Amino acid sequence: ATGTGDPFVTVCLGKEQQRTKVLKKTVNPVWDQEFQVTMEDPGSLLHFTVYDWNQFFEDSFLGTCSLGLREFLNNPRKRFEKSLALRPPDHKESSSKVSGRLDVE
């Protein structure tokens, strides 16, 4: 093992899902990608799930986080920035080895 990963993020709002590109061999990825989503309910959550891409096996889960769309709507600035702590999925134990954060702009 090299200590690096090949991370990517899925971005979901309702049934709509988009995905970042895979960044190879990194521990501090910066995607710098923009996504447009259709907002039907301002009370919805935007879900981010981070995975480590694997060519021959199932992608490895690294963590998940969510952001309420109201936070975007209630922000008077044109630029929105927030750091979200990654957590294990709801069905996993809290002792799961998930750490890190996702910075959303």
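This write-up is about the structure you can find in this document. (Residues numbered from 1 in each chain as written. Predicted model: local features only at pLDDT ≥ 70, side-chain atom pairs only at ≥ 80, totals over all residues. Heavy atoms only, no water.)

Turning our eyes to something else, we now look at the pairing of strand 2 (residues 16-19). Of the pairings in the sheet, the one linking strand 1 (residues 7-13) to strand 2 comprises 4 bridges and is antiparallel in character. Within the sheet, the bridge partner assigned to Cys 12 lies in strand 2 and is Gln 17. Where strand 1 folds back on strand 2, the antiparallel hairpin that results is connected by 2 residues, among which Gly 14 adopts a positive phi of roughly 65°. (Pairing = 2+ DSSP bridges. Helix = DSSP H or I, 4+ residues; strand = E, 2+ residues; numbered from the N terminus.)

Below, the discussion takes up the nonpolar core. With 16 residues, the main nonpolar core has Val 9, Phe 48 and Leu 102 as its most contacted residues. Broken down by secondary-structure element, the contributors of at least two residues to this core are strand 1, strand 3 (45-52), strand 4 (60-68) and strand 6 (101-104). For Val 9, the contacting residues outside a window of four places in its chain are Gln 18, Arg 19, Thr 20, Trp 31, Phe 48, Thr 49, Val 50 and Leu 102. (Core = buried A, V, L, I, M, F, W, Y, C linked by side-chain atoms within 4.5 Å. Buried < 20%, exposed > 50% of the residue type's maximum accessible area, 1.4 Å probe, protein only. Contact = heavy atoms within 4.5 Å.)

Here we take up the packing of aromatic side chains. Per the stated rule, a full pass over the model turns up 2 aromatic pairs. A centroid spacing of 5.4 Å and a plane angle of 20° characterise the contact between Phe 8 and Tyr 51, whose relative ring orientation is stacked. Linking Phe 8 in strand 1 with Tyr 51 in strand 3, this pair joins segments that are 43 residues apart in sequence. Taking the relative accessible area as the measure of exposure, Tyr 51 reaches 25% and is therefore partly exposed. Residues Tyr 51 and Phe 61 carry aromatic rings whose centres are separated by 6.3 Å and whose planes lie at 80° to one another, so their mutual orientation is edge-to-face. One end of the pair, Tyr 51, is in strand 3; the other, Phe 61, is in strand 4, with 10 residues separating them in the sequence. Accessibility expressed as a relative area gives 32% for Phe 61, which makes it partly exposed. One aromatic cluster in this structure is built from Phe 8, Tyr 51 and Phe 61. Looking at Arg 19, its charged tip hangs above the ring of Phe 8, at a distance of 3.9 Å from the centre. (Phe/Tyr/Trp six-rings, centres within 6.5 Å; stacked < 30°, edge-to-face > 60°. Lys NZ or Arg CZ within 6 Å of the ring centre and 35° of its normal.)

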